[in-house]
Amino acid sequence: MTDFDKAFIGSIPKLYDSLMVPMIFAPYAAGMAERVAGFSPRAVLETAAGSGAVTRALAPRLGAGTRYVASDLNQPMLDYAAARQADGGRIEWRQADAMHLPFEDETFDVVCCQFGAMFFPDRIGAYAEARRVLQPGGRFVFSVWDSVQENEFAAVVAQAVAEMFPENPPVFIARTPHGYYDKARIRDDLRRAGFEDVQIETHEEVSRAQSAQEAATAYCQGTPLRNEIEARDASLLMPTTERAAQALADRYGAGPITGKIQAHVVTATK
């Protein structure tokens, strides 16, 4: 992973939330919220909260007395999430590194993280931190994307973008969001962090976009893939987006499009 992969800056947070969240994150956010609320926690920590997809889904499901801390390493994303949260006053918003959590031992009943683990430079360290702040019997619940081949829009866009830069193709999509999908590796990382009770479920959902153009804009301009494109040639951001849009339209047609998405949902108990 490079520094570009973690740079959710400029217009990326808004595009990410308005396009990427409804297209691929919302179905899993609803499932994560249901799972976490089902544990009836008294204190919840969300790491890598991003633009707040899970936060918005989970907060209404928690009891009035439940402490809810939403954290993210990236302050612009956290600011955007807080601004979008209708009941943001009951949530503690904290800029925090998941590998160095600023909380006492055994503080939370649940630590949850949707599609953030792929970005952790030291996953074992981050998992150990999650375990440290959990109460005995507490749960660490997180999700990661399956391989790019199992996520149709991402695969089409990745190929189209690579064709625009044949000598130095941007590989953010395969390298980072879809680069940590091996279940044996995930189990081993959690075991090395101190978790023994680990359950991994694979969930297929449907990705929806109003058009191929919308989906291409989401990936090329609403994720750190944009940083990789602009680092190579900023003048090619729009042509690359158009190339990706055409590739999606060629495969899925005009008008609203749908495609398969797939992710692993992990529950590790302390």
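Quick caveat, the model's predicted, so the values are computed rather than measured.

About the criteria used
Residues numbered from 1 in each chain as written. Predicted model: local features only at pLDDT ≥ 70, side-chain atom pairs only at ≥ 80, totals over all residues. Heavy atoms only, no water. Helix = DSSP H or I, 4+ residues; strand = E, 2+ residues; numbered from the N terminus. Rg over C-alpha atoms; globule rule 2.2 N^0.38 Å. Buried < 20%, exposed > 50% of the residue type's maximum accessible area, 1.4 Å probe, protein only. Phe/Tyr/Trp six-rings, centres within 6.5 Å; stacked < 30°, edge-to-face > 60°. Salt bridge = Lys/Arg side-chain N within 4 Å of Asp/Glu carboxyl O. Pairing = 2+ DSSP bridges. Right-handed = clockwise from strand over helix to strand, strands pointing away. Core = buried A, V, L, I, M, F, W, Y, C linked by side-chain atoms within 4.5 Å. Contact = heavy atoms within 4.5 Å. Axes fitted to C-alpha atoms, helices over the stretch in contact; angles between N-to-C directions. Arc of directions from axis to C-beta. Polar contact = N/O pair within 3.5 Å; in protein donor to acceptor, adjacent residues only side chain to side chain. pLDDT = per-residue confidence, 0-100.

*Asks:* Please clarify how the overall build of the protein should be interpreted in this entry.
*Replies:* If you tally the helices and strands in the protein, you get 10 helices and seven strands. Against the globule reference of 18 Å for 270 residues, the protein gives a C-alpha radius of gyration of 18 Å, in line with a compact fold. Along the longest, intermediate and shortest principal axes, the C-alpha atoms of the protein span 50 × 40 × 30 Å. Classification of the 270 residues of the protein by burial places 51% in the buried group.

*Asks:* Even after reading the chapter, I still don't get the packing of aromatic side chains, so can you show me in this structure?
*Replies:* Any two aromatic rings considered together are summarised by their centre-to-centre distance and by the angle between their planes. A full pass over the atoms with the stated rule returns 12 aromatic pairs. For the pair Tyr28 and Trp145, a centre-to-centre distance of 5.4 Å together with 90 degrees between the ring planes defines the contact as edge-to-face. Of this pair, Tyr28 sits in helix α1 (residues 12-37) while Trp145 sits in strand β5 (residues 134-145), placing them 117 residues apart in sequence. Assigned by exposure class, Tyr28 and Trp145 land together as buried.

*Asks:* Help me understand the pattern of salt bridges, please; the structure alone is not making it clear to me.
*Replies:* Oppositely charged side chains can form a pair if their charged atoms are brought close together. Evaluated as defined, the whole model comprises 10 salt bridges. A salt bridge links Glu201 to Arg35; the shortest N-O distance between them is 3.0 Å. With Glu201 in strand β6 (residues 197-209) and Arg35 in helix α1, the pair connects residues that are 166 residues apart, well separated along the chain. In this structure Glu201 comes out as partly exposed when scored by relative accessible area, which is 30%. For Lys260, the salt bridge is made with Glu150, and the minimal N-O distance between the two is 2.4 Å.

*Asks:* Would you take a moment to explain the pairing of strand β2 (residues 67-72) for this structure?
*Replies:* Buried residues dominate β2, accounting for five of its six residues. Pairing analysis gives four bridges linking strand β1 (residues 43-46) to β2, with the strands arranged parallel. What sits directly across from Glu46, in β2, is Ala70. For the segment spanning β1, helix α2 (residues 53-58) and β2, crossover handedness is right-handed. As judged from the five bridges shared by β2 and strand β3 (residues 91-95), these two strands associate in the parallel manner.

*Asks:* Looking at this model, I keep getting lost on the nonpolar core. Mind explaining?
*Replies:* In globular proteins that are soluble, nonpolar side chains generally tend to be buried together. Counting 86 residues, the largest nonpolar core has Leu58, Phe140, Phe142 and Leu190 as its most contacted members. The greatest single-element share of this core, amounting to 13 residues, is contributed by α1. If we skip the residues at most four places from it in the chain, Leu190 touches Tyr127, Phe140, Phe142, Phe195, Val198, Val266 and Ala268.

*Asks:* Would you mind showing me how to read the sheet that holds β1 here?
*Replies:* Within a sheet, adjacent strands bond to each other through the backbone by hydrogen bonds, running parallel or antiparallel. An order of β3-β2-β1-β4-β5-β7-β6 is seen for the seven strands of this open sheet, with the pairing classed as mixed. The open sheet is flanked by β3 and β6, the only strands paired with a single partner. Between one strand axis and the next, the sheet turns through 20 degrees on average, direction left out of account. Across the sheet, helix α5 (residues 152-164) lies against β6 and β7 (257-269), angled at about 115 degrees from β7, the strand it touches most.

*Asks:* Just checking my understanding: could you explain helix α3 (residues 75-84) for this structure?
*Replies:* Because an α-helix packs 3.6 residues into every turn, residues spaced three or four apart end up facing the same way. Residues of α3 that are buried: Met77, Leu78 and Ala81. The buried side chains of α3 occupy one side of the element, clustering within an arc of 100 degrees when seen end-on.

*Asks:* Whenever I open this one, the environment of Asp182 confuses me. Can you help?
*Replies:* Relative to the elements of secondary structure, Asp182 occurs in the loop between α6 (172-175) and α7 (183-192). The sequence separation of Asp182 and Ser147 amounts to 35 residues, and the corresponding C-alpha distance is 8.4 Å. Polar contacts involving the side chain of Asp182 include one to the main-chain amide nitrogen of Ala184, which spans 3.2 Å. Within the structure, Asp182 has its side chain in polar contact with the backbone nitrogen of Arg185 (distance 2.8 Å).

*Asks:* Which parts of the structure should I look at to understand the confidence of the model for the protein?
*Replies:* Atomic detail in the predicted coordinates should be set aside for any region of low pLDDT. Averaged over every residue, the pLDDT of the protein is 92; the share at 70 or more is 95%. Confidence drops under a pLDDT of 50 for residues 1-10, and excluding neighbours within four residues, the segment shows 30 contacts in the predicted structure.

*Asks:* Got a minute to help me understand unusual backbone geometry in this structure?
*Replies:* One can expect most non-glycine residues to show negative phi and most peptide bonds to be in trans. Residues other than glycine seldom take positive phi values, yet Ser40 does so here, at roughly 50 degrees. Relative to the assigned elements, Ser40 resides in the loop between α1 and β1.

*Asks:* Is there a simple way to think about the environment of Val156 in this case?
*Replies:* With respect to the helices, strands and loops of the structure, Val156 is situated in helix α5. Spatially, the C-alpha atom of Val156 lies 9.5 Å from that of Ala216, the residues being 60 residues apart in sequence. Val156 has contacts with Ala247, Leu248, Arg251 and Tyr252, leaving out every residue within four places of it along the chain.

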